[in-house]
Amino acid sequence: MNSATWKNLKGEVGFAPKEEMRQVMYDGGMYIPYVTQDTQGDCVYTVLGDVKNNRLYMSMTNDGEVFVGAINSETKEGMIDKTPRMHPDDAGLCVFLGDMLCCLAEGCTKNQVLDSWDEDLMD
């Protein structure tokens, strides 16, 4: 993952994906609950697949704060065609979403995380 791929896949964090995730969950959207309330260390994760938009949403709760991110799936097949399991490429995207959210929880900015991803690719 690098900043160009993040941008190409419309990766975002903050209020907009949080609101989108809420709408998918509570306003009649069709979604696949890939991960629900999974605890890892001090964090609790939820991952949803938006069937209509082929988009992944992840929320992470850490010390009472909620961090949310989203990214488009880069697979050609739709989310509904991938059920009941998550496509391995989507799982890889979730690793980067989780990394982004953990770094935000530690006080980094989105741009700092993207810069670090770009630096890792150059090494």
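Here, every reference points to the structure presented above.
Residues numbered from 1 in each chain as written. Predicted model: local features only at pLDDT ≥ 70, side-chain atom pairs only at ≥ 80, totals over all residues. Heavy atoms only, no water.

Draft legend 1. Here's a closer look at the nonpolar core. Among the nonpolar cores identified, the biggest contains 25 residues, and Trp6, Leu56, Met58, Ile71, Met100 and Trp117 are the most heavily contacted of them. Mapped by element, the contributors of at least two residues to this core are strand E2 (31-40), strand E3 (43-50), strand E4 (55-62), strand E5 (65-72), helix H4 (88-105) and helix H5 (110-122). Residue contributions to this core peak at seven residues, all from H4. Counting six residues, the second-largest nonpolar core is a separate cluster that includes Val24, Leu48, Val68 and Ala70. (Core = buried A, V, L, I, M, F, W, Y, C linked by side-chain atoms within 4.5 Å. Buried < 20%, exposed > 50% of the residue type's maximum accessible area, 1.4 Å probe, protein only. Helix = DSSP H or I, 4+ residues; strand = E, 2+ residues; numbered from the N terminus.)

Draft legend 2. Looking closely at the sheet that holds E4. Ordered in space as E1-E5-E4-E3-E2, the five strands form an open sheet in which the pairing is antiparallel. Each edge of the open sheet is held by one strand with a lone partner, namely strand E1 (12-13) and E2. Here eight bridges tie E3 to E4, and the two strands are oriented antiparallel to one another. By the bridge assignment for E4, Cys43 is matched with Asn62. Where helix H2 (residues 15-26) meets the sheet, it contacts E1, E2, E3, E4 and E5, and its direction lies at approximately 105° from that of E4. Along the sheet, H4 contacts E1, E3, E4 and E5; its crossing angle with E4, the most-contacted strand, is approximately 35°. (Pairing = 2+ DSSP bridges. Contact = heavy atoms within 4.5 Å. Axes fitted to C-alpha atoms, helices over the stretch in contact; angles between N-to-C directions.)

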